[in-house]
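Chain by chain, the residues run as shown.
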Amino acid sequence: MYDYVIFGGGVVGAAIFNKFVRLGAKVALLEKELDVATGASKANSGLVHAGFDAETGTLKAKLNVRGNELFEKLCQELGIKFKRTGALVVGNDEEKLKELLARGKKNGVKGLSIIREEKLWKLVPNLRHEYKSALYAKTAGLVSPYMLTIALAEEAVINGGQALFGFTTKKIEKAKGCFKIYSSDKRVVEGKVVINATGAGYNDIARLLKAEEREIRFRRGEYYVLDKCDFVNLTVFPLPTKLGKGILATPTASGNILLGPTAEDILEFDTATTMGGLENISGSITAMFDNVPFDKIIREYSGVRVSCGDDFVIEWDKKAERVVDICGINSPGLTSAPAIAEMVAEMVGLRGQEKKMIRRKGYAVKVKGEIVCRCEKVGKNEILSAINSPLKPCTVDGIKRRVRAGMGKCQGGYCLIDVCRLIARERGIKLEEVNKEHEGGAVMLSGGKYE
Amino acid sequence: MSSFYDVIVIGGGPSGMQAAIEAKKEGAKVLILECNDSLGGILNQCIHNGFGLRQFKEELTGPEFAYKQYSEVKKLKIPSVFGAYVTKIEGEKITALVRGKEKEYFSKAIVLATGARERTAGEIKLAGDRGAGIYTAGTAQKMINYYGKLSGKRVVILGSGDIGLIMARRMTLEGAKVLKILEIMPSSSGLRRNIRQCVEDFEIPLEFSHTVTRVVGRERVKGVYYAEVDENLKPKLETEKFLECDCLLLSVGLIPENTLLSEVEKNIKKQIIVNEFRQTSIKNLFISGNSLHIHDLADNASEEGAIAGRSAALFARGALEELGEEYEISFSSAISYTVPQRVSGCGSFKIFFRAKQNFLRKKIVVRCEGEEIASKFCVGITSGEMQEIEVESGKVKGPLTVSIE
Ligand SMILES: Cc1cc2nc3c(=O)[nH]c(=O)nc-3n(C[C@H](O)[C@H](O)[C@H](O)COP(=O)(O)OP(=O)(O)OC[C@H]3O[C@@H](n4cnc5c(N)ncnc54)[C@H](O)[C@@H]3O)c2cc1C
Ligand SMILES: Cc1cc2nc3c(=O)[nH]c(=O)nc-3n(C[C@H](O)[C@H](O)[C@H](O)COP(=O)(O)OP(=O)(O)OC[C@H]3O[C@@H](n4cnc5c(N)ncnc54)[C@H](O)[C@@H]3O)c2cc1C
């Protein structure tokens, strides 16, 4: 019997999982996919926002600013990269920039200033000189969103939390102060309080819990990923519009460049990229920058923002008892995740000192072994170390997110098969049983005549 | 073991092996650094025949071709270090991760023969879902030829490069159904013989001026949308159709793997500039095979390796230093590039080039300051095949131009 059962292994679920374990609770995390960070938390801009963007007084504003403050220490404890590189909103409408600055100050954001011409162009050498002013936000930063999610969950697991993957909930029974949760593969988990942090899947779980179902909207954002280069050294946004923060250019925590995201309202959750969306990015970026290294594009992806009204929803369910609803966590959800975890802990009455945690070791090894991924220079022993890490990832993409094998310019051309072989060997499964990311997504099929 | 050499060859594919062989025959102390566990490079996965006609005058499979070279390497007692991934070249120093541990080697001359990689879905901005089942043709080739696994059972191939054509036949022989090959251009960049033997003989539909517009399938490929393209290669969306399949293979080009060089020489353009000795602007650095430009045949990559290896050995003993003036080779608009791009013209040499389109009954002409110094009549010139023309010793007195007339 768990004190808390969390549905959803995105950054929000993982942050709550981690916080609750730190506060000494007995917690289980149920994720329907084969790994954490396969939803919005793997496909976003990876920005730790400063907090000037959100409407003052909203949960978004509060949790963004608080979340941002928590990042340094958290990432240090988790042993992952966090870079406070700063961010710029560029545009010639000084009125608008000043509005943003004033809102930021009201939200409690420190380190905001307006910079102009030479100073701006020096920070962003490739910015077109038509752009003369910008809001500079010193506290903005970069984090790998999937590594943050993975590290949060790993640390929780190392310290006694339980994470269950491939857990498709079929039925939830309520009996005497407890929830009995059944998966389609006949696992049963019992818990006293449940937290629904399933992002786009919110209503599926709400329905099974007989909790409040909510109207959810989806907005897709597409990106280009560039190979490592120094096109920009900090995040550059255009002025925000009704649709969002606009198409930006940013380095990632690992040194690649992201161009995107688009903002397209869609009817169903769908992370496909589109030719139109991608053209849009090129157009917007060329309007802002010179020397765009389009020849360094190595990949495209898209993520879906899930919204429920204008603000985050984080509250006790009104229909079902002992259910915490978390819904509509779109941007700045990544930044806010550590603060959301604090808030939910407070709500459920988990207080007091954090216990002393055993820190995660990461995947570093003394000797890398043969280079398996040539582009990112990842050795065999690092891959083995990731395969045998606390969450026991079993997919090619899970390994890719942990050690970057397959993230370089050849996109796994050299290493895909070798990674599959190592996973198959360590898990004792057949080569054709290794999935790329999802159940039903085998990389290779059996049936060659001379197999 | 001393780590000082006359010639170190980076990469042990057909080009690198031949470079090592020729350097050794010139008397140099040679070492091969190879990141795989064996020599042969890409040849090891090319189990079909069609190799060796030029170099060995017999038709061989890839592994057979590699084995012949390997036997020579062994006979000449040329040492190789396996699991050695070279990460840096600085002057005469080479840094490699050997089984993941950093090691340094020193060599008077270096031959880079690191091969090529395949262009990816990301680089051609393929739209749609990104599930399992989208691979480059070379990856699919390795799956089936090394491990007996299929990349899919109902296959669409995008691009009609040679590896794609070869894989169309290979997958068919292995029991998969190759539904279509879609090529965005009006003609194939593949070898004529591959189109005949791998596509036409197996009655696989090859559609020109068509491309994939979107891939469907979150977990694994479920199908692709494809359409005809207009003269600007933009899909005509009204012609879009759906094709159910579980695999999309890409054969959309090879890209020379020369990152090692671009790290030393920041201002290299798309093409690496070499003289007829395959010497780069960094005098002790020679380059050959697919890492210099894409070869259709391993025989050609090997022939080029021989030039680079021999020249590197000469350089190591100081015999290549006084070449005198180098002249540029320019070319007419029907040609997309030449190798070499500069010559000293000390001895005879060949100019290799690719034509931008197909020609019938034309002459290839090399001129030096307006005067014809070499020419060759060709019944057919295709854009898919590398062309060559030899220039005799003593003819070069100034810049050259190559044209198709
Ligand atoms: C294009 C884009 C750009 C963004 N940029 C930023 C940014 O730069 N900075 C920032 O702070 N925020 C950004 N965000 C927002 C941020 O990515 C999200 O707020 C955050 O990732 C949400 O995390 P989550 O855990 O709620 O959702 P998710 O990561 O989607 O996690 C939900 C998880 O629940 C699982 N699940 C679903 N249904 C079930 C079920 N029935 N049972 C069990 N598990 C289930 C899913 O598999 C998934 O793993 C961006 C978002 C997008 C889409
Ligand atoms: C995927 C693929 C499939 C092909 N299939 C066919 C075919 O079916 N039929 C056909 O006629 N031609 C085919 N070709 C073309 C033909 O085989 C090539 O022209 C020829 O193999 C090129 O030889 P190479 O020596 O230049 O390169 P390769 O054979 O690629 O050899 C390069 C060697 O360098 C090593 N290397 C690379 N980087 C480093 C480093 N940093 N440090 C140490 N070692 C390194 C590699 O491991 C490799 O062994 C194919 C090419 C490719 C890329």
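Each value, and the rule that gives it
- Residues numbered from 1 in each chain as written.
- Chains lettered and ligands numbered in written order.
- Predicted model: local features only at pLDDT ≥ 70, side-chain atom pairs only at ≥ 80, totals over all residues.
- Heavy atoms only, no water.
- Helix = DSSP H or I, 4+ residues; strand = E, 2+ residues; numbered from the N terminus.
- Rg over C-alpha atoms; globule rule 2.2 N^0.38 Å.
- Buried < 20%, exposed > 50% of the residue type's maximum accessible area, 1.4 Å probe, protein only.
- Domains from an automatic or database assignment.
- Buried area = accessible area lost by both parts, 1.4 Å probe.
- Salt bridge = Lys/Arg side-chain N within 4 Å of Asp/Glu carboxyl O.
- Polar contact = N/O pair within 3.5 Å; in protein donor to acceptor, adjacent residues only side chain to side chain.
- Nonpolar A, V, L, I, M, F, W, Y, C, P; charged D, E, K, R; others polar.
- Near = heavy atom within 4 Å.
- Areas by Shrake-Rupley, 256 points an atom, 1.4 Å probe, with all protein chains shown as cover.
- Contact = heavy atoms within 4.5 Å.
- Pairing = 2+ DSSP bridges.
- Axes fitted to C-alpha atoms, helices over the stretch in contact; angles between N-to-C directions.
- Bend = angle between axes of the 7 residues up to and from the residue.
- Right-handed = clockwise from strand over helix to strand, strands pointing away.

## Some points on the overall build of chain A
Here is step 1 of the chain: Across its full length, chain A carries 11 helices and 22 strands.
Here is step 2 of the chain: Against the globule reference of 22 Å for 451 residues, chain A gives a C-alpha radius of gyration of 22 Å, in line with a compact fold.
Here is step 3 of the chain: Referenced to the eigenvectors of the C-alpha coordinate spread, the extents of chain A come out at roughly 60 × 60 × 45 Å.
Here is step 4 of the chain: Expressed as a percentage of its 451 residues, the buried residues of chain A come to 60%.

## Here's the deal with the domain arrangement of chain B
Residues and elements named next belong to chain B.
Here is step 1 of the chain: Structurally, chain B comprises domain 1 (1-117 + 255-320), domain 2 (120-252) and domain 3 (325-405).
Here is step 2 of the chain: The distance between the C-alpha centroids of domain 1 and domain 3 comes to 25 Å.
Here is step 3 of the chain: Buried surface at the junction of domain 1 and domain 3, both sides included, amounts to about 1400 Å², of which 47% is carbon and sulfur.
Here is step 4 of the chain: Seen at the junction of domain 1 and domain 3, the total is 3 salt bridges.
Here is step 5 of the chain: Put simply, Asp296 and Arg354 hold a salt bridge, and the shortest N to O gap is 2.7 Å.
Here is step 6 of the chain: For the pair domain 1 and domain 3, the number of links is 14 residue pairs in polar contact (both at pLDDT 80 or more).
Here is step 7 of the chain: Broken down by class, the residue content of the side of domain 1 that touches domain 3 amounts to 6 nonpolar, 5 polar and 6 charged.

## Some words on the site of ligand 2
Here is step 1 of the chain: As a matter of local geometry, ligand 2 sits amid 34 residues, with Ser15, Glu34, Ile42, His48 and Asn290 of chain B nearest to it.
Here is step 2 of the chain: Bordering ligand 2 are residues originating from chains A and B.
Here is step 3 of the chain: Between ligand 2 and Pro14 of chain B, the relevant distance is 3.3 Å, taken from an oxygen atom to a main-chain nitrogen or oxygen of the residue.
Here is step 4 of the chain: At the level of elements, α1 (14-25), β6 (84-90), α3 (137-147) and α4 (162-173) of chain B are the ones that each hand at least two residues to the shell around ligand 2.
Here is step 5 of the chain: Looking at which element gives the most residues to the shell around ligand 2, the answer is β6 of chain B, with 3 residues.

## A look at the site of ligand 1
Residues and elements named next belong to chain A.
Here is step 1 of the chain: Around ligand 1 lies a shell of 36 residues, among which Glu31, Ser41, Leu47, Ile329 and Thr335 are the nearest.
Here is step 2 of the chain: Between ligand 1 and His49, the relevant distance is 3.2 Å, taken from a nitrogen atom to a side-chain nitrogen or oxygen of the residue.
Here is step 3 of the chain: At 3.2 Å from an oxygen atom of ligand 1 is found a main-chain nitrogen or oxygen belonging to Asn330.
Here is step 4 of the chain: Contact with the protein chains removes 95% of the 1000 Å² of surface that ligand 1 exposes when unbound.
Here is step 5 of the chain: Going through the elements one at a time, α1 (11-22), β18 (297-307) and α8 (333-348) are the ones with two or more residues in the shell around ligand 1.
Here is step 6 of the chain: Tallied by class, residues from the shell around ligand 1 come to 14 nonpolar, 18 polar and 4 charged.

## What about the domain arrangement of chain A?
A common way to state how big an interface is: give the accessible area lost once the parts meet.
Residue and element names in this part refer to chain A.
Here is step 1 of the chain: Domains assigned within chain A are domain 1 (87-138 + 217-307) and domain 2 (371-433).
Here is step 2 of the chain: Once you take the C-alpha centre of each, domain 1 and domain 2 turn out to be 31 Å apart.
Here is step 3 of the chain: Between domain 1 and domain 2, the residue contacts involve 6 residues of the former and 7 residues of the latter.
Here is step 4 of the chain: The contact between domain 1 and domain 2 buries some 490 Å² in all, and 37% of this surface belongs to carbon and sulfur atoms.
Here is step 5 of the chain: When the buried surface of domain 1 facing domain 2 is broken down by residue, Asp227, Ile298 and Arg299 rank first, second and third, together holding 66% of it.
Here is step 6 of the chain: Summed over the shared surface of domain 1 and domain 2, the number is 1 salt bridge.
Here is step 7 of the chain: Between Glu376 and Lys228 there is a salt bridge, with its nearest N and O atoms 2.9 Å apart.
Here is step 8 of the chain: Our count for the contact surface shared by domain 1 and domain 2 stands at 4 residue pairs in polar contact (both at pLDDT 80 or more).

## As for helix α10 (residues 396-403) of chain A
Residue and element names in this part refer to chain A.
Here is step 1 of the chain: Within α10, 8 of the 8 residues are buried, which leaves the element mostly enclosed by the surrounding structure.
Here is step 2 of the chain: Within α10, burial applies to Val396, Asp397, Gly398, Ile399, Lys400, Arg401, Arg402 and Val403.
Here is step 3 of the chain: In this structure, the buried residues of α10 make contact with α5 (145-158), β18, β22 (378-379), α9 (380-387) and α11 (416-427).
Here is step 4 of the chain: Arg404 lies just past α10 and shows a positive phi near 75°.

## So, the sheet that holds strand β26 (residues 387-391) of chain B
Residues and elements named next belong to chain B.
Here is step 1 of the chain: If you walk across this open sheet you meet the 3 strands as β21-β23-β26, and the pairing is antiparallel. The two strands at the open ends of the sheet, each matched to only one other strand, are β21 (335-339) and β26. Neighbour-to-neighbour, the strand axes of the sheet open up by a mean angle of 25°, direction not taken into account.
Here is step 2 of the chain: Relative to β26, strand β23 (residues 349-355) is paired through 5 bridges, and the arrangement is antiparallel. Note on β26: the bridge partner recorded for Lys350 is Glu390.

## Quick look at α8 of chain A
Residues and elements named next belong to chain A.
Here is step 1 of the chain: A maximum bend of about 35° is found in α8 at Ala339.
Here is step 2 of the chain: Buried residues dominate α8, accounting for 12 of its 16 residues.
Here is step 3 of the chain: Residues Gly333, Leu334, Thr335, Ser336, Ala337, Pro338, Ala339, Ile340, Ala341, Val344, Ala345 and Val348 constitute the buried set of α8.

## Description of the interface of chain A and chain B
Here is step 1 of the chain: If you look at the interface, chain A gives 49 residues, while chain B gives 47 residues.
Here is step 2 of the chain: When chain A packs against chain B, the two sides together hide about 4100 Å² of surface, and 56% of this comes from carbon and sulfur.
Here is step 3 of the chain: Our enumeration of links across chain A and chain B arrives at 4 salt bridges.
Here is step 4 of the chain: Between Glu257 of chain B and Lys409 of chain A there is a salt bridge, and its shortest N-O distance comes to 3.9 Å.
Here is step 5 of the chain: At the boundary of chain A and chain B, one finds 18 residue pairs in polar contact (both at pLDDT 80 or more).
Here is step 6 of the chain: Breaking the side of chain A that touches chain B down by element, the ones donating at least two residues are α7 (275-288), β18 and α11 of chain A.
Here is step 7 of the chain: A per-element tally of the side of chain A that touches chain B places β18 of chain A first, with 6 residues.
Here is step 8 of the chain: Across the side of chain A that touches chain B, the residue classes tally to 19 nonpolar, 13 polar and 17 charged.

## Brief notes about unusual backbone geometry
Across residues other than glycine, the phi torsion is negative in most instances, and most of the peptide bonds are trans.
Here is step 1 of the chain: With an omega dihedral of -5°, the bond running from Gly260 of chain A to Pro261 of chain A counts as a cis peptide bond.
Here is step 2 of the chain: On the secondary structure map, Pro261 of chain A appears in the loop between β16 (257-260) and β17 (264-266).
Here is step 3 of the chain: Residue Pro340 of chain B follows Val339 of chain B across a cis peptide bond; omega there is 0°.
Here is step 4 of the chain: Tracing the backbone shows Pro340 of chain B in the loop between β21 and β22 (342-343).
Here is step 5 of the chain: Non-glycine residue Glu117 of chain A carries a positive phi angle of around 25°.
Here is step 6 of the chain: Inspection of the secondary structure assignment puts Glu117 of chain A in helix α4 (residues 117-123).
Here is step 7 of the chain: Non-glycine residue Arg404 of chain A carries a positive phi angle of around 75°.
Here is step 8 of the chain: Inspection of the secondary structure assignment puts Arg404 of chain A in the loop between α10 and α11.
Here is step 9 of the chain: Among the residues examined, Arg404 of chain A registers a relative accessible area of 15% and is labelled buried.

## Observations regarding the sheet that holds strand β10 (residues 134-136) of chain B
Residue and element names in this part refer to chain B.
Here is step 1 of the chain: Overall, parallel pairing links the 5 strands, which are arranged β10-β17-β11-β12-β13 in an open sheet. The outermost strands of the open sheet, each flanked by one partner alone, are β10 and β13 (206-207).
Here is step 2 of the chain: Of the pairings in the sheet, the one linking strand β11 (residues 154-158) to strand β17 (residues 247-250) comprises 4 bridges and is parallel in character. Residue pairing across strands places Val156 opposite Leu248, the latter belonging to β17.
Here is step 3 of the chain: Against the sheet, α4 touches β11, β12 (177-182) and β17, its axis set at about 165° to β12.

## Focus on the side chain of Glu118 of chain B
All names here are of chain B.
Here is step 1 of the chain: By secondary structure assignment, the location of Glu118 is in strand β9 (residues 116-118).
Here is step 2 of the chain: In this structure the side chain of Glu118 is engaged in a polar contact, spanning 2.8 Å, whose partner is the side chain of Thr136.
Here is step 3 of the chain: Leaving out residues up to four positions away in the same chain, Glu118 has contacts with Glu123, Thr136, Ala137, Gly138, Thr139, Ile163, Leu250, Gly253 and Leu254.

## Things to note about the pairing of strand β1 (residues 2-7) of chain A
Residues and elements named next belong to chain A.
Here is step 1 of the chain: Most of β1 sits out of view: 5 of its 6 residues are buried.
Here is step 2 of the chain: For β1 and strand β12 (residues 188-196), the ladder comprises 5 bridges, and the chain directions are parallel. If you follow Tyr4 over to β12, its bridge partner there is Val193.
Here is step 3 of the chain: Pairing between β1 and strand β2 (residues 27-30): 4 bridges, direction parallel. The residue bridging Phe7 from the neighbouring strand is Leu30, located in β2.
Here is step 4 of the chain: Assessed by its sense of winding, the connection that carries the chain from β1 through α1 to β2 is right-handed.

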